[in-house]
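Notes for the structure review
Residue strings, one per chain:
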Amino acid sequence: MNTLLLNSINFQRLSYLSIISHSLLIFTMSVPATAVTPPLADDLDIVIPTIRNLDFLEQWRPFFQPYHLIIVQDGDPTKTIRVPDGFDYELYNRNDINRILGPRSSCISFKDSACRCFGFLVSKKKYIFTIDDDCFVAKDPLGQEINALAQHIHNLLTPATPYFFNTLYDPFREGADFVRGYPFSLREGVTTAISHGLWLNIPDYDAPTQLVKPLERNSRYVDAVLTIPKGTLFPMCGMNLGFHRELIGPAMYFGLMGDGQPIGRYDDMWAGWCAKVICDHLGLGVKTGLPYIWHSKASNPFVNLKKEYKGIYWQEEIIPFFQSVVLPKDCTTPQKCYVELSKLVKEKLGPVDPYFVKLAGEMVTWIDAWNELNPSADVAPVKKTDAVAPKKK
C-alpha cells in the first residue's frame, strides 16, 4: 500500500474526528455553555409537525433554543398553537400551505404527520432535524441526558461506509477504527445524507405487533451507529431523523397520507424507501442507531390498524419494487432521480392500486414545488452552498 495514501487516509480521519469532537465537546453536555456557539446553528432547521401546544420544547430547551424551528400545524388552522417563549420559530398552518403552494398544495398531506415535509420544502438551511411532539430527552445507561441533535450532527458530518461493512460499526466514532481486512481504497467513505435515530420506551411498532405486545417497552440502549449497506432497504421512522437537505431533501417527500387517502402511517416508510434507493444511486450514505429519544405516547393500535391495513398488504409488493429499481446514469440530482422514480411507481405499482397512480403524480408535483421554492437547484449535481436563514414569520 502506498505510504502517501495511508498517511492521507489517516490524516483525513483524524481531521474529521478532531473537528467534530472540538465542535461538539461542550454542546454534548446536558447543559451547554452559553459562550460557545452550537455546531451548525446557522445551517440547520428543526422541523416539528403538531396539532397541540408545544410544551415538550421546555425539556429540549438547552439543546434546541440556539436553532431555528419550523412548525407545521396540522388539522384546524384556526386553532392557536402555543410555543414556549424564547424560541426562534416560524409556524405554518393549512391556510399558509395553500397560500404558498397554490394548486401544488395537493401534494401536502392533511391530518397526518406527513405534513412535516412542507417544512423541508420551505427551509433554506443545509441540514434538517425533525422530531415528533411526543418525544422527549432520553438518558443513557449512566443517567446522562442525551443530546440527540448533537449526535445527529456528528453522524451527518462524518463519512458513511455503504460499500463494505465494518464489524466495529462506525469507524469515525472515538475509540473505533477500520478493522483488519477493510480495503484502504474504501476508507475515505462517502458523505452521509441521512441520520436515523431510535427510541426508548414506546417502540415504533405496527398495529398487529402493538396488539400482540401491548405492554412491551424498549429499554435496550445499544451504543452503536451503523451505515446501512448499499442495496439494503430499511424502515425509516420520521420521529427522530436528521438529513442533509441539499443532497437528499427533494427525495424526502412523505407521500400522500391521512385525510382522503386509503393509507396512513407509511409516510416516513415511503420517504425512506425512496431516499435510500436514491442515496445508493448518488453514492451517499445512510446511518442508523444513535441517538435515542424517549418516545412517551403509544398511539391507539385499533386506529392504527385502520390506517395501516392496506399498507401491510401493499408493502409485500412495494418492497420488491424498490429492491429492483435501477435509475439511469443521467439522473445526477435528487430531483431527476425522484421524477424518474415517479414514472416507475406509476408503471409498476399503478396496477396494484389506483392510489399509486395518484401518488406518482403528486411526487412530480412535489418536485415542481421544490424547484419553485428552491430555484436553480436542479441545474447541476447538488453542491454545498452557503445556507441562508429563512425569514421569520
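- As named in an unreviewed UniProt entry, the protein chain is UDP-arabinopyranose mutase, taken from Helianthus annuus.

Re the overall build of the protein chain
- The helix and strand tally for the protein chain stands at 11 helices and nine strands.
- Here the protein chain, with 393 residues, has 52% of them falling under the buried criterion.
- Carbon together with sulfur atoms contributes 56% to the accessible area of the protein chain, which is approximately 17700 Å² in total.

Notes on a nonpolar patch on the surface
- Side chains of Leu 211, Phe 302, Leu 305, Tyr 309 and Tyr 313 sit close together on the surface and give an oily, nonpolar patch of about 550 Å² of accessible area.
- By residue number, the principal contributor to the nonpolar patch is helix H9 (residues 301-324), which donates four residues.
- With respect to the helices and strands, the residue Phe 302 is situated in helix H9.

So, the layout of surface pockets
- Approximately 1300 Å³ is the volume found for the largest pocket.
- Along the wall of the largest pocket there are 46 residues; nearest its centre are Ser 113, Asp 132, Asp 204, Arg 265 and Ser 299.
- For the lining of the largest pocket, the secondary structure elements donating two or more residues are strand S1 (44-50), strand S6 (192-201), helix H8 (267-282), strand S9 (285-295) and H9.
- When its residues are assigned to classes, the lining of the largest pocket shows 18 nonpolar, 11 polar and 17 charged.

Some words on the UniProt feature "glycosylation site" (unreviewed entry) in the protein chain
- The positions UniProt marks with the feature "glycosylation site" (unreviewed entry) are Arg 180.
- Within the element layout of this structure, Arg 180 appears in the loop between helix H5 (148-157) and S6.

Notes on the side chain of Ser 109
- If you trace the backbone, Ser 109 turns up in the loop between helix H3 (94-101) and helix H4 (117-122).
- Residue Ser 109 is classed as buried on the basis of its relative accessible area, which comes to 3%.
- A polar contact of 2.9 Å, which involves the side chain of Ser 109, links it to the backbone oxygen of Gly 255.
- Within the structure, Ser 109 has its side chain in polar contact with the backbone nitrogen of Met 257 (distance 2.9 Å).
- If near-sequence neighbours (up to four positions away) are discounted, Ser 109 is found in contact with Arg 94, Ala 114, Cys 115, Gly 255, Leu 256 and Met 257.

Here we look at empty space enclosed by the protein
- Here the structure, examined in full by the defined rule, presents one cavity of 30 Å³ or more.
- Reported here for the largest cavity is a volume of approximately 60 Å³.
- Mapped onto the lining of the largest cavity, the elements with two or more residues apiece are H8, H9 and helix H11 (354-373).
- The leading source of residues in the lining of the largest cavity is H11, at three residues.
- The class makeup of the residues in the lining of the largest cavity is nine nonpolar, one polar and no charged.

Reading the values: rules and limits
Residues numbered from 1 in each chain as written. Predicted model: local features only at pLDDT ≥ 70, side-chain atom pairs only at ≥ 80, totals over all residues. Heavy atoms only, no water. Helix = DSSP H or I, 4+ residues; strand = E, 2+ residues; numbered from the N terminus. Buried < 20%, exposed > 50% of the residue type's maximum accessible area, 1.4 Å probe, protein only. Areas by Shrake-Rupley, 256 points an atom, 1.4 Å probe, with all protein chains shown as cover. Patch = residues over 30% accessible without salt bridge, like charges linked within 9 Å, V, L, I, M, F, W, Y side chains within 5 Å. Salt bridge = Lys/Arg side-chain N within 4 Å of Asp/Glu carboxyl O. 1 Å grid on protein atoms, 1.4 Å probe; cavity = no way out; pocket = protein on both sides within 12 Å on 5 of 7 lines; lining within 4 Å. Points joined across faces, edges and corners; volume = space filled by probe spheres on them. Nonpolar A, V, L, I, M, F, W, Y, C, P; charged D, E, K, R; others polar. UniProt positions renumbered as here; feature names shortened; annotations may be inferred. Polar contact = N/O pair within 3.5 Å; in protein donor to acceptor, adjacent residues only side chain to side chain. Contact = heavy atoms within 4.5 Å.

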